[in-house]
Amino acid sequence: MDTASSPLTDPTAAPPADRNRRKVATAAALASAVEWYDYFVFGIAAALVLGDLYFPSGSSSAGVLAAFATFAVGFLARPVGGVIAGHLGDKRGRKPMLVLALTLMGVATTGIGLLPTYETIGIAAPVLLVLLRVVQGIAVGAQWGGAMLMATEYAPEGKRGLYGSLVQLGVPIGVVTANTVFLVAGAATSESAFASWGWRVPFFVGVLVLVLAWYIHTRVEETPAFREAERALAEEEKGAPRSPLRTILTKHLGTVFLAGGSFAVNTATFYIIITGVLDYATRELDMERSAVLTVSLCVSLTQLVLIPASAALSDRIGRLRIYALGAVGLLVWAVPLFLLIDTKSLLWLAVGTFVTSCFLSIMYGPQAALFAELFTAEMRYTGASLGYQIAAVFGGGLAPFMMVLLLEATGTSMAVSAYIIGLAVIALISIRILANRARTADGGR
């Protein structure tokens, strides 16, 4: 194991039945997929229509910046969801927090689909849009830790990376589904109809999230690792209150920041190629919207194979080795990526984003198990969620906004490449420190 932590399962407890493991893993993967779908439709809509509809101005760049700023607000809210759900999830259980996260996401996403525009209700429109985006951010911040732990804490020994990757697959599934629904909506409507109401259709799929929340609430059991940790702590504390959040903040904050630093380049680069490049290619390079969306969809399909493959490999040769390989790839490929995109060729756009997606998948596959193994069961939801959401704020949330700012300020896409390289260096430093800590802990056993 790469990290110095306790195992995810109690070795003395009776192992869950394989059928129950599969049911829980499937439910966790579906929860992740529908949450990320709901989250990504906002990013696509922000790149295509939200700027004009909710932030009207004389400049197209200003409208896009405002829409991407709203997109980023969701990321700023994610640590709030991670902290609240992590604290309660470590005290009350993984399942209740996952159900709550799904419910919040379903309500917020459907609300965005129903929200009147600036032309209809004036300033209330962007204000409500921001508020609903905040709820989305809280929901996805709460969801990841719950879904990830439901999968990894039910995983059999030697397959935690693979089981954790099932939750990670929710991201490419969400991207593929969101892009597909937008492509269908665009093809089925005229330009004016799409701008008027067609863009709303993808948001109404959020209703299905509420159905899944009900299923998990009624059919899925709490994880064995949490039940065991709960019993052990009850005996140890003898009624004294415990605070997983206080423990993390006072004793393990460094690990949280190292986790976040190791992952920021991944989430930033992901949102750059999924959302930022969509805006850049259609607005600056005059490429066809449906063609760029199709490329994004096809590239995301490759992740469905690469993510579990890299996770399974991490079960055999170590998480941090695989993780570091992906970070090095992103550092090296940052410049070629935009040199290819700037050719305005759909083929080279596909090549550039495909190679980038490969390196993202190499990192993303083992990431769930890696973050889970950094913390013990009684504080795992809090610690893993905080690490992930810190990366989401400083990486993913700001990335499309930073991309537009850098392009406007410098006039060259190489500035965006430099941004990715800087984050990759931070990731490699963080990974090195985590690896040194793991070696030191292993040597002391």
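Just so you know, these numbers come straight off a predicted model, no measurement behind them. Position numbers for residues start from 1 in each chain and track the written sequence from start to end. For this predicted model, a pLDDT threshold of at least 70 governs which residues receive local features, and a threshold of 80 or more governs which side-chain atom pairs are given and counted, while totals over whole chains, interfaces and linings are taken from all residues. The basis for every side-chain value is the complete set of non-hydrogen atoms in the structure, without hydrogens or water.

J.: Would you mind going over the packing of aromatic side chains with me for this structure?
T.: Within a pair of aromatic rings, the relevant descriptors are the distance that separates the centres and the angle that separates the planes. Here the aromatic set is Phe, Tyr and Trp, taking the six-membered ring for Trp, and pairing holds for ring centres within 6.5 Å; pairs whose planes are under 30 degrees apart are stacked, those over 60 apart are edge-to-face, and all others are tilted. Counted by the stated rule, this structure contains eight aromatic pairs. On the numbers, 5.7 Å between centres and 85 degrees between planes, the contact of W199 with F203 is edge-to-face. In this structure F203 comes out as buried when scored by relative accessible area, which is 0%. Ring geometry for F270 versus Y271: centroids 5.1 Å apart, planes at 85 degrees, classification edge-to-face. For every residue, the accessible area (1.4 Å probe, protein chains only) is compared with the maximum for its type, and the residue is labelled buried under 20%, exposed over 50%, or partly exposed between those bounds. The class for F270 is buried, based on a relative accessible area of 7%. An aromatic cluster is built from F263, Y364, F371 and Y388, whose rings are joined through pairwise contacts.

J.: Looking at this structure, how should I read helix 18 (residues 399-410)?
T.: Side chains three or four residues apart in an α-helix point the same way, a direct result of the helix having 3.6 residues per turn. Numbering of helices and strands runs from the N terminus, with a helix taken as a DSSP run of H or I at least four residues long and a strand as a DSSP run of E at least two residues long. To estimate the expected span of a helix, subtract one from its residue number and multiply by 1.5 Å. If you check helix 18, its first and last C-alpha atoms are 16 Å apart, about what 12 residues at 1.5 Å a residue would give, namely 16 Å. All of the buried residues in helix 18 are A399, P400, M403, V404 and L407. Here the buried residues of helix 18 occupy an arc of 140 degrees about the axis, which is enough to place them on one side. One or two positions beyond helix 18, positive phi appears at G411, with a value near 75 degrees. An arc is given here, and it is the one of the directions from the helix axis to the C-beta atoms.

J.: What am I meant to see in the pattern of salt bridges here?
T.: A side chain of one charge can pair with a side chain of the opposite charge when the charged atoms of the two come close. The working definition used for a salt bridge is a side-chain nitrogen of Lys or Arg within 4 Å of a carboxyl oxygen of Asp or Glu. Considering all chains together, one arrives at six salt bridges under this definition. For the salt bridge of R319 with E373, the shortest nitrogen-to-oxygen distance reads 2.9 Å. Of the two residues, R319 sits in helix 15 (residues 319-341) while E373 sits in helix 16 (residues 346-373), which places them 54 residues apart along the sequence. Among the residues examined, R319 registers a relative accessible area of 7% and is labelled buried.

J.: Can you walk me through the nonpolar core in this structure?
T.: Nonpolar side chains in soluble globular proteins tend to end up buried together. By size, the foremost hydrophobic cluster in this structure holds 112 residues, and its most contacted members are L50, Y54, W199, I272, F338 and F371. Sorting elements by how many residues they give to this core places helix 13 (residues 253-284) first, with 16 residues. What makes a nonpolar core is a set of buried Ala, Val, Leu, Ile, Met, Phe, Trp, Tyr and Cys residues whose side-chain atoms join them at distances within 4.5 Å. If you look at the next biggest cluster of nonpolar residues, it comprises 17 residues, including V24, A27, M150 and V209.

J.: Hey, could you run me through a nonpolar patch on the surface in this one?
T.: Here the term patch refers to residues with relative accessible area over 30% and no salt bridge, with like charges joined within 9 Å and nonpolar side chains (Val, Leu, Ile, Met, Phe, Trp, Tyr) within 5 Å. Exposure was quantified through the Shrake-Rupley algorithm and a 1.4 Å probe, taking into account, for residues, occlusion by the shown protein chains and nothing else. On the surface, a cluster of nonpolar side chains totalling about 520 Å² of accessible area is made up of Y118, I121, I123, V127, L128 and L131. Those elements that provide at least two residues to the nonpolar patch are helix 4 (118-121) and helix 5 (124-152). Checked against the element boundaries, L128 lands in helix 5.

J.: Even after reading the chapter, I still don't get the packing of helix 16 against helix 17 (residues 380-397), so can you show me in this structure?
T.: Angle between the axes and distance between the axes: these two values describe a pair of packed helices. A fitted line through C-alpha atoms represents every axis, and for helices the fit uses only the stretch in contact; the resulting angles, taken between N-to-C directions, go from 0 to 180 degrees. Two elements in contact, helix 16 and helix 17, have axes separated by 9 Å at closest approach and are oriented at 140 degrees. Considering the angle they form, helix 16 stands oblique to helix 17. Contacts between helix 16 and helix 17 involve Y364, Q367, F371 and A372 from the former and R380, A384, G387 and Y388 from the latter. Gly falls in the polar group here, along with every residue not listed as nonpolar (Ala, Val, Leu, Ile, Met, Phe, Trp, Tyr, Cys, Pro) or charged (Asp, Glu, Lys, Arg). Here the residues of the contact of helix 16 with helix 17 are counted per class, giving five nonpolar, two polar and one charged. Oblique is the label for any angle not covered by the other classes, which are roughly parallel (under 35 degrees), roughly antiparallel (over 145) and roughly perpendicular (65 to 115). Two residues qualify as a contact provided that any one of their heavy atoms is within 4.5 Å of a heavy atom in the partner residue.

J.: Which parts of the structure should I look at to understand unusual backbone geometry?
T.: Negative phi is the rule for most residues except glycine; trans is the rule for most peptide bonds. One non-glycine residue, D286, adopts positive backbone phi at about 60 degrees. As for its placement among the helices and strands, D286 is situated in the loop between helix 13 and helix 14 (289-317). Given the relative accessible area of 65%, D286 is considered exposed. Even without glycine at this site, K344 takes up a positive phi of about 65 degrees.

J.: Would you mind showing me how to read the environment of L406 here?
T.: As for its placement among the helices and strands, L406 is situated in helix 18. It is 6.5 Å that separates the C-alpha atoms of L406 and V416, two residues lying 10 residues apart in sequence. The contact partners of L406, leaving out residues within four places of it in the chain, are G411, A415, V416 and Y419.

J.: Help me out: how do you make sense of the environment of A281 in this one?
T.: Within the fold, A281 resides in helix 13. Sequence separation between A281 and L349 is 68 residues; the distance between their C-alpha atoms is 9.1 Å. The residues touching A281, leaving out its near neighbours within four places in the chain, are D286, M287 and V292.

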